[in-house]
Structures are given as structure tokens and as C-alpha cells.
Amino acid sequence: MRLPELVTQLRDVRPANPREIISTWSEKDVLDGKVVDAWVIIFRTRGCYWARKSGCSMCGYVNDVAIEVSPEDLETQLDAVLARHRGQPFVKVYTSGNFFDEHEVFPEVRRNVLKALGGRCEKVLVETLAHLVRREPLEEGVRLCPKFEIALGLESANDVVLRHAVNKFWGLKEHVRAASLAHEVGATVKSYLLLKPPFLTEREAIEDVVETAHAVDAVSDTISINPMNVQRNTVVDHLFKRGAYRPPWLWSVSEVLRQCRDLRAHPKSHPTGGGLRRGAHNCGTCDRSFLGAIEDFSLGLGDRLDDLACECRAPWLDLLELEGLMQTSADVHGLVRGAAPVP
Ligand code: SF4
Ligand SMILES: [Zn+2]
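Quick caveat: nothing in here was measured; it's all calculated off a predicted structure.

Draft legend 1. Here's a closer look at the pattern of salt bridges. Applying the stated criterion to the full structure yields 24 salt bridges. The partner of Glu321 in a salt bridge is Arg203, and the shortest N-O contact between them spans 2.6 Å. Separated by 118 residues along the polypeptide, Glu321 in helix α12 (residues 313-326) and Arg203 in helix α8 (residues 202-216) bring together distant segments of the chain. Between Arg261 and Asp303 there is a salt bridge, with the nearest N and O atoms lying 2.7 Å from each other. Of the two residues, Arg261 is situated in the loop between α10 (250-258) and β8 (266-268) and Asp303 in the loop between α11 (287-298) and α12; the sequence distance between them amounts to 42 residues.

Okay, structure coming up:
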């Protein structure tokens, strides 16, 4: 079976109330060089158009799609979430899809969201696929928000990786076009890159994301390295349960950040599920110290990456050599240890 079909076969769509947001919380982020509270809002929409057609191999958002959400439903979600603002100066808006897809976030709703959040917060970030970026909505964002940023999920600059590992059919060219347009109208750009798509060895994954970061440096203000987090009912989950995939080591995340110190843009990483079996992890003993150092580096609170140490560095280094020799990206250590299949 081909990757585009497999993605849809593994999907498990959950029932949901179109008048309720998916989630909201507060987290730390950087605004004008200072660490501040950032307000995250995930609106429920009909979801990503690409997920409805096929979807990315690692994307669990595909499980949130397929319900229809009207403009009135979205306005109800907006009103409800505004009451939960606690003065955070930075707001990040996600939709399990694309803020600039007019079939998903209708133009009048988009305007109301930007107006309401831009009137309360110093900076508003929205996420969208690069090929959906047009001048008009960008100008609207810049007009309605004191600071406006778009987040673009490129994942990799390598078309082979995108097509055969991620199941995306657009890439660096669209990313550069969208990012340049954003800068032209006065918005800033955050590039999301994926560390360790399926079928890549640990070493290939490090090289791919470092190369990609340098390829988009000139058109990015922030570069977010997102280590794979295995989400349920995805192709990656399918491989993971069979011992054919291991999320990246935290050693790899820190190595990538070390090799991104020379970037002009601000490199960062907030590993979702870090330290857990489905997220980036090391041996278990040192995970907490790695996550602390990665967080501090990302927030500009100090660079302790060179001081990280643990006995599990040796097996990680072995893996970087072994996988290439064995020509496999399977979870070699897990298989050698005879790890029980994951539920
Ligand atoms: S483009 Fe984003 S939301 Fe859409 S399927 Fe891919 S990862 Fe999921
Ligand atoms: Zn360790």
C-alpha cells in the first residue's frame, strides 16, 4: 500500500462538539528578547484540508477532522475563549489545520479573531501551510495586530524526505515564497522543522534538519526544531508499535541545536512528550537534565548544551554508526533488548 492511502486507512475520527475549542493553555515563550507567558489557543475547525485528502505520516490532527464547523460555531468558540485571557502578551493560534484556509477559517471569522486578539495582545501568531499564504490576509494581520507572525510547517527542505517520509508534496520553494511575502508586508516568520521523520536513520535525521535550518535561515525569524512525538493512529505510530521506529534521542536534539548556533534566526526546541517513550528521549536517567538545558537554550536563558553528559552517550554514538552499516532505521536497541510490543 502506498503512503498516501496508508495515512487515511489508519485514521480514527473522534466525535466532537463544533462549538467547543480543542484546548487552551499558557506556556513560556520569548517576546522582544524577554521570557513571557504565551497563551496557546487551538480552535476546532473542519481541520486541515490536506488531512481530509490524505495527510502527513506523523499527524494526529487527522483524527480531529471531518466534522463541519460553521462561522457561528467559530464565533462561539472565540467568545468563550476570550473570557479565559489572563493578560498574556503573546498569543499563538492553532486550528489543527490552516488559519489562512478560507474554507476552514472563514474570512469574516479570521478578521474577528485577529481584531479581538490583536486588541488584547502585543503579538499574535497563526499557523498555516506555506502555499495557502496570500498578501491580503497577511496585510490584515499586520494591520489588526501590533506584531504579527506566521508559523509555517516545512518539516524538511529535502523533497525526497517530504514526499516519501512525510507525505507532503510542497516544500522549500513554497516556504521561501510565503516567508518573503510575510516579510515584505511587515510580518515575522517561524519555521517548523521535523526532527526524525520515519524511514530516516538517527544520523540522517540530524543532517536533514540541520541542512534544512540553514536553508531557511535567511527567511526565518525563529526556527523551531520539533522532534517527533508519536501520535496515535498515524503511520509513525504503526511503525513504532512494530519496533520499526524510535523517536529521536535527546542527544540528537541537543546536537542539532549545537549545529544551529551559527544561525541568524533564533533556533529553539520544545520537545512535545520529551522524556517519554513516544517523544524524544534518552536513557531515562538524564532526560530531565537534557530537557532543562534545551528549554533554557530555547528561551535564551543560557547555553549549557556542551555540559550535558551521561553514560548513554556511548550507545547513542554507536547507533549513529550502526544504523548506517545495517541500513535500517528500526529501533535497533529496542529490538536487541526484545522490548515488548507497544500497546
Ligand atoms: S499539513 Fe499539518 S495539519 Fe495538515 S496533515 Fe500535515 S501535519 Fe497535519
Ligand atoms: Zn542518559
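Next comes the rest of the account.
Draft legend 2. Broad picture of the environment of Arg111. By secondary structure assignment, the location of Arg111 is in helix α4 (residues 107-120). Here the alpha-carbon distance between Arg111 and Val91, two residues 20 residues apart in the chain, equals 15 Å. Residues within four places of Arg111 in sequence aside, it is in contact with Glu140 and Leu144.

Draft legend 3. Here's a closer look at the site of ligand 1. All residues adjacent to ligand 1 are Cys48, Trp50, Ala51, Gly55, Cys56, Cys59, Tyr61, Leu129 and Lys168. Of the residues that constitute the shell around ligand 1, the class distribution is seven nonpolar, one polar and one charged.

Draft legend 4. Structural context of the packing of helix α5 (residues 135-144) against helix α7 (residues 172-185). The geometry of α5 relative to α7 is characterised by a closest axis approach of 9 Å and an angle of 40° between their N-to-C directions. Overall, the two elements α5 and α7 adopt an arrangement that is oblique. α7 is crossed by α5, and the crossing has right-handed handedness. For the pair formed by α5 and α7, the contact residues are Arg135, Leu138, Glu139 and Val142 on the first element and Leu181, Ala182, Glu184 and Val185 on the second. Along the lines of polarity and charge, the residues of the contact of α5 with α7 split into five nonpolar, no polar and three charged.

Draft legend 5. Just a nonpolar patch on the surface, in detail. Residues Leu322, Leu325 and Met326 make up a contiguous nonpolar surface patch of roughly 310 Å² in combined accessible area. Along the polypeptide, Leu322 turns up in helix α12.

Draft legend 6. Geometry of the packing of aromatic side chains. Here the structure, examined in full by the defined rule, presents five aromatic pairs. Geometrically, the ring pair formed by Trp251 and Phe290 is edge-to-face, given 4.7 Å between the ring centres and 70° between the ring planes. A residue pair is termed long-range when its members are at least 10 positions apart, and Trp251 in helix α10 and Phe290 in helix α11 qualify at 39 residues. Across this residue pair, the class does not change: Trp251 and Phe290 are buried. Through a chain of ring-to-ring contacts, the aromatic side chains of Trp50, Phe169 and Trp170 assemble into a single cluster. Here the guanidinium or amino end of Lys92 rests over the ring plane of Phe90, the centre of that ring lying 5.8 Å away. Across the ring face of Trp251, the terminal group of Arg313 is positioned such that the distance to the ring centre comes to 5.2 Å.

What counts and how
- Residues numbered from 1 in each chain as written.
- Chains lettered and ligands numbered in written order.
- Predicted model: local features only at pLDDT ≥ 70, side-chain atom pairs only at ≥ 80, totals over all residues.
- Heavy atoms only, no water.
- Salt bridge = Lys/Arg side-chain N within 4 Å of Asp/Glu carboxyl O.
- Helix = DSSP H or I, 4+ residues; strand = E, 2+ residues; numbered from the N terminus.
- Contact = heavy atoms within 4.5 Å.
- Near = heavy atom within 4 Å.
- Nonpolar A, V, L, I, M, F, W, Y, C, P; charged D, E, K, R; others polar.
- Axes fitted to C-alpha atoms, helices over the stretch in contact; angles between N-to-C directions.
- Parallel < 35°, antiparallel > 145°, perpendicular 65-115°, else oblique.
- Left-handed = near helix turned anticlockwise from the far one by under 90°.
- Patch = residues over 30% accessible without salt bridge, like charges linked within 9 Å, V, L, I, M, F, W, Y side chains within 5 Å.
- Areas by Shrake-Rupley, 256 points an atom, 1.4 Å probe, with all protein chains shown as cover.
- Phe/Tyr/Trp six-rings, centres within 6.5 Å; stacked < 30°, edge-to-face > 60°.
- Buried < 20%, exposed > 50% of the residue type's maximum accessible area, 1.4 Å probe, protein only.
- Lys NZ or Arg CZ within 6 Å of the ring centre and 35° of its normal.

None of this, on its own, says anything about what the molecule does.
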